[in-house]
Amino acid sequence: MTGKELFLEIGTEEIPAGFLPKAQADMEAIIRKELESARLTFGDITTLATPRRLVLCVRDIPKAQPDAEITLLGPARNVAFDPAGKPTRAAEGFARGQGVDPAALAIVTTEKGEYVAAVKKETGRPTPDILAEILPRLIGAIPFKKSMRWGDLDVRFARPIHWIVALFDGIVTPFTFGNIQSGNISRGHRFMSNSPFPVRDLAHYLEECERHFVIPDPERRKEIIRRETHRVAKGAGGHLLPDEGLLEEVTYLVEYPTVVNGTFSTDFLQVPKEVLITSMRSHQRYFSIVDDNGRLLPGFITVNN
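Conventions we followed
Residues numbered from 1 in each chain as written. Predicted model: local features only at pLDDT ≥ 70, side-chain atom pairs only at ≥ 80, totals over all residues. Heavy atoms only, no water. Salt bridge = Lys/Arg side-chain N within 4 Å of Asp/Glu carboxyl O. Helix = DSSP H or I, 4+ residues; strand = E, 2+ residues; numbered from the N terminus. Buried < 20%, exposed > 50% of the residue type's maximum accessible area, 1.4 Å probe, protein only. Pairing = 2+ DSSP bridges. Contact = heavy atoms within 4.5 Å.

Comments concerning the pattern of salt bridges
Per the stated rule, a full pass over the model turns up 20 salt bridges. Of the charged contacts, one joins Lys 22 and Asp 26 as a salt bridge, the two residues approaching to 2.8 Å between their closest N and O atoms. Separated by four residues within a single helix, Lys 22 and Asp 26 lie in helix H1 (residues 20–37), roughly one turn from each other. Its relative accessible area of 15% is what places Asp 26 among the buried residues. One salt-bridge network, in which partners are shared between bridges, spans Glu 9, Arg 53 and Glu 255.

A short note on the pairing of strand E2 (residues 45–50)
Of all six residues making up E2, five are buried, and the element is well covered by its neighbours. Two strands pair when backbone bridges link them, and E2 and strand E3 (residues 53–61) are joined in this way by six bridges, in the antiparallel orientation. Paired with Thr 46 across the strands is Cys 57, a residue of E3. Joining the antiparallel neighbours E2 and E3 is a turn of two residues.

Examining the environment of Leu 296
Within the element layout of this structure, Leu 296 appears in strand E16 (residues 296–304). In contact with Leu 296, not counting residues within four places along its chain, are Leu 269, Lys 273, Leu 276, Ile 277, Ser 288, Ile 289 and Val 290.

With respect to the pairing of E3
Both faces of the sheet carry side chains from a regular strand, because those side chains alternate between them. Most of E3 is tucked away: seven of the nine residues are buried. Of the strand pairs in this sheet, strand E1 (residues 4–12) and E3 are connected by seven bridges, and their pairing is antiparallel. Its bridge partner lying in E3, Leu 6 is registered against Val 58.

Shown next as structure tokens:
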């Protein structure tokens, strides 16, 4: 394919971790449906997410819709024409509504019989014009378990939106969602590099994010956390207690993960280990450390943002 890239980033206040995997899947499903409805072909779709951003990239979209011939069914033939073959008021009304001459109506055979139809040729629109309509609709259509309004705006989202990057072939696709105007400016990590930077495309975006202490790809963050928690546990003289559910949650709690080891008093080991593990997991999002025999050690691993 020789199409162009669509890039969208929705920058927000921190979205709950549990909302993000589903939001990624929903964005992909919505953009597929929208592009198919708009008669736009497309290639690979990528979605990324951190607590402060949702990202969508669609490759190989053409610059414009193809021209199309659209057939719109009207009344049944025996209703549209009298016995002499002249158009009835039903045919004339249908033709008028479709902006065609009654004489131009065609007869189409369907499973239910013969119907009159208006056959219209539609010239394809430029893709940027279509995306300017699709993208705000997509943002508003992402179904969150809970959404909110902010200020006096008549829009809803999981958390207030602070910026939107929307590009097609590197050029801004202009639209407004709430009080936010789309552009080409993203932002770095809230504390480590909270500064704006321009975006050209997905590849450039990923490079700039790394420079600004953000790893947008949740799979990369997950692998960093997995590798580092095992390394730190080994350095603490034990083994990481595997917890895929906690790993998934923590992945979506951070934009730039760093792993550290902490300890607690051995006095607490008199408490059943299940209580300690559950408490650390549920309240602090801590990973537990065990020895070679599976006994809980007086330490934990946590992931900083």
